[in-house]
There are 2 protein chains.
Amino acid sequence: MAGGFEGHFAGPAFEPGTVWLVGAGPGDPGLLTLHALHALHQADVIVHDALVSDDILSMARHGAELVFAGKRGGKPSHNQRDISLTLVELARRGKRVLRLKGGDPFVFGRGGEEALTLNAHGVPFRVVPGISAGLGGLAYAGIPLTHRGINQAVAFLTGHDASGKVPDAEDWKALAQGSPVLVIYMAMKHWALIRERLLAAGRGGDEPVAFIRNATLPDQQVLETTLEASLADLERSGLEPPSIVVVGKAVSMRAGLDWLGALEGRVLDPDPLDERGKQDAG
Amino acid sequence: MAGGFEGHFAGPAFEPGTVWLVGAGPGDPGLLTLHALHALHQADVIVHDALVSDDILSMARHGAELVFAGKRGGKPSHNQRDISLTLVELARRGKRVLRLKGGDPFVFGRGGEEALTLNAHGVPFRVVPGISAGLGGLAYAGIPLTHRGINQAVAFLTGHDASGKVPDAEDWKALAQGSPVLVIYMAMKHWALIRERLLAAGRGGDEPVAFIRNATLPDQQVLETTLEASLADLERSGLEPPSIVVVGKAVSMRAGLDWLGALEGRVLDPDPLDERGKQDAG
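Reference entry: report on the structure contained in this document.

All names here are of chain A. In the segment running from proline 241 into proline 242, the intervening peptide bond is cis, with an omega of -5°. With phi around 50°, asparagine 214 is a residue other than glycine that occupies positive phi space. Its location among the elements puts asparagine 214 in the loop between strand E10 (208-213) and strand E11 (221-226).

Attention now moves to the relation of the copies chain A and chain B. Note on the copies: chain A fits chain B at an RMSD of 0.0 Å, the axial shift is 0.0 Å, and the rotation between them is 180°. When the rotation and shift are considered jointly, the pair of chain copies conforms to a two-fold rotation axis. A shared binding surface is used by both copies, with 100% of the interface residues of chain A retained as interface residues in chain B.

This paragraph deals with the sheet that holds strand E1 (residues 19-23) of chain A. Residue and element names in this part refer to chain A. Spatially, E3-E2-E6-E1-E7 is the arrangement adopted by the five strands of the open sheet, whose pairing is parallel. Two strands close off the open sheet at either side, each with one partner strand: strand E3 (65-68) and strand E7 (125-128). When strand polarity is set aside, the average angle formed by the axes of neighbouring strands in this sheet is 20°. Where strand E2 (residues 45-48) lies against E3, four bridges are found, and the strand directions are parallel. Bridge pairing in E3 links isoleucine 46 to leucine 66.

Another point: the packing of helix H4 (residues 80-92) of chain B against helix H5 (residues 111-120) of chain B. Residue and element names in this part refer to chain B. Running from N to C, H4 and H5 cross one another at 45°; their axes reach a closest spacing of 9 Å. By the angle between their axes, H4 is oblique relative to H5. H4 and H5 meet at a crossing whose hand is right-handed. The segment H4 lies against H5, with Gln80, Arg81, Ile83, Ser84, Leu85, Leu87 and Val88 engaging Glu113, Glu114, Thr117 and Leu118. When its residues are assigned to classes, the contact of H4 with H5 shows five nonpolar, three polar and three charged.

With that out of the way, let us pick up the environment of glycine 261 of chain B. Here glycine 261 of chain B is to be found in helix H11 (residues 259-263). Along the chain, glycine 261 of chain B and phenylalanine 211 of chain B lie 50 residues apart, while their C-alpha atoms are 16 Å from each other.

A few words on the pairing of strand E12 (residues 243-247) of chain A. All names here are of chain A. Of all five residues that make up E12, five are buried, and the element is covered over most of its length. Going residue by residue along E12, you find Ser243, Val245 and Val247 tucked away on one face and Ile244 and Val246 tucked away on the opposite face as well. Alignment of strand E9 (residues 181-185) against E12, held across three bridges, turns out to be antiparallel. Counted as the bridge partner of leucine 182 is valine 247 from E12. In this structure, E10 lies alongside E12, joined through five bridges in antiparallel fashion. Across the sheet, residue isoleucine 212 finds its bridge partner in E12, namely isoleucine 244.

This part takes up the interface of chain A and chain B. The interface of chain A with chain B comprises 79 residues on the first partner and 79 residues on the second. Both faces combined, the contact of chain A with chain B buries some 6500 Å², and carbon together with sulfur accounts for 69% of it. Counting every contact that joins chain A to chain B gives two salt bridges. Taking the shortest distance from any N to any O, the salt bridge between arginine 148 of chain A and glutamate 113 of chain B comes out at 4.0 Å. The interface formed by chain A and chain B holds 22 residue pairs in polar contact (both at pLDDT 80 or more) in total. Relative to strand E8 (residues 153-158) of chain B, strand E8 (residues 153-158) of chain A runs antiparallel, the two sharing five bridges. Note on E8 of chain B: the bridge partner recorded for leucine 157 of chain A is alanine 153 of chain B.

Once that is clear, we can look at the environment of proline 12 of chain A. All names here are of chain A. Topologically, proline 12 is positioned in the loop between helix H1 (5-8) and E1. It is 34 Å that separates the C-alpha atoms of proline 12 and alanine 141, two residues lying 129 residues apart in sequence. Apart from residues lying up to four places away in sequence, proline 12 is in contact with Trp20, His35, His38 and Arg126.

Within this structure, the stated rule accounts for eleven aromatic pairs over all chains. Seen from their ring centres, tryptophan 191 of chain A and phenylalanine 211 of chain A are 5.3 Å apart, and the 75° between their planes marks the pair as edge-to-face. Of this pair, tryptophan 191 of chain A sits in helix H8 (residues 191-200) while phenylalanine 211 of chain A sits in strand E10; the two residues are 20 residues apart in sequence, bridging distant segments of the chain. In terms of burial, tryptophan 191 of chain A and phenylalanine 211 of chain A fall into one category: buried. Taken together, the ring pairs connect Phe108, Phe156 and Tyr185 of chain A together with Phe108, Phe156 and Tyr185 of chain B into an aromatic cluster. Over the ring of tryptophan 20 of chain A we find arginine 126 of chain A; its NZ or CZ atom is 5.4 Å from the centre of that ring.

Criteria and thresholds
- Residues numbered from 1 in each chain as written.
- Chains lettered and ligands numbered in written order.
- Predicted model: local features only at pLDDT ≥ 70, side-chain atom pairs only at ≥ 80, totals over all residues.
- Heavy atoms only, no water.
- Helix = DSSP H or I, 4+ residues; strand = E, 2+ residues; numbered from the N terminus.
- Least-squares fit on C-alpha atoms with pLDDT ≥ 70 in both.
- Contact = heavy atoms within 4.5 Å.
- Pairing = 2+ DSSP bridges.
- Axes fitted to C-alpha atoms, helices over the stretch in contact; angles between N-to-C directions.
- Parallel < 35°, antiparallel > 145°, perpendicular 65-115°, else oblique.
- Left-handed = near helix turned anticlockwise from the far one by under 90°.
- Nonpolar A, V, L, I, M, F, W, Y, C, P; charged D, E, K, R; others polar.
- Buried < 20%, exposed > 50% of the residue type's maximum accessible area, 1.4 Å probe, protein only.
- Buried area = accessible area lost by both parts, 1.4 Å probe.
- Salt bridge = Lys/Arg side-chain N within 4 Å of Asp/Glu carboxyl O.
- Polar contact = N/O pair within 3.5 Å; in protein donor to acceptor, adjacent residues only side chain to side chain.
- Phe/Tyr/Trp six-rings, centres within 6.5 Å; stacked < 30°, edge-to-face > 60°.
- Lys NZ or Arg CZ within 6 Å of the ring centre and 35° of its normal.

See below:
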């Protein structure tokens, strides 16, 4: 191996009294960015979510203070405003503050809200994007977000908003009609309703669906089903939230692209698209 | 700095005769993942796109062979099938083959097609997701992909498909109605038509639009405009492709979240959402 991390890459200085809002990616420490690793090596305080794994936190500088600011059991144990003000307070004490969030801070991560609070209090900040669970989880499941002949658009949605409500039915209808592939975050709790809305919007009951739990981690689980069968299959599987849900023909590609399964001995289909195409036409 | 890259992270072995399909991210070498860096350190051959910067290629192992397989001036100088078969051939010669693509291999990157060819020829492969230009570019421009009060869905689209055609008008209509924020790849060439379709689908002429060129690189340029004014502003600006285009209220957030601009002295708006909300209501 020619040289190491430091030999090749000099990141921007992490100044005392500033906050870096950093995406930690979906779970696999190998999906951290070099900026994120640099921040872990430099930070005085790390304010992290429950979704940031111990493996990743163990990469922090020795002596860095760890502050948990996540959710437990799906319920917020910390008020969003309190978290933002904690970041302000720590920065004012001259700390290098790393706000480390699962996935990407700007994709259903409320990073924008925290950044606005920092700005309103005059605290300088930097945003470091991360691999969102939608991107990383699908790649590890062998499901392409876009594929020639399948889709030229992909939509990322949330299954419920900050208040816990499922987004409005009309929006779902247009999205379901406009995007052949839907990637839905936080969808498991309200899956019965979401499934109904997708069917009502004209998505086919035989359309493939995948639930990806613990995306990119060694215990990643993928449940492949159809829109019609998904509710029963989900209950039978005992799969727990949080999971990423993918709806659309792209899921069929997994038969030929499940590289993780192949490394463990799964025989892949040499022509998954063609075969499924014939099935769909039948 | 406590330890280095190798001290903290042991990636999976890069076996001879295998291909890793790796996303290099949007440009900034700091947005490479640890897996991508590990692959650069281990690969015998690197087959790369034009979008992969020299700074990133310079992180390769000394002695690694570099093969260019990209596009020049927007035109494919290499047939997709030839590229895929080159990967097969190199792997069969026992090389560790790194297929390095700008952004993410599964987001408008045709990684699925290459992986299917590898699979059909019995070549083992691994997929390493990268930060797509949509995620990375927006983060560096200070535009959140999702923000409370603005959107619970975001759609990624391509402005033209592999044949160069703009996707069908009906799909655009549903997407434009379903997703408050649209992130459009490869949109500049056909912007006049895309803009028309968005207006025809009911998107407002006063809706904010941003063009982000050379996203995350030191010479990143961001053009802020409105849907109505975008065609004239784009021509006046002389901005060249490729750029990421963002349509939606999220663009307004840049006034308060342009952290790169702030580092260079721009005074940010402490309450960009509220102010724009009032303007929109007027």
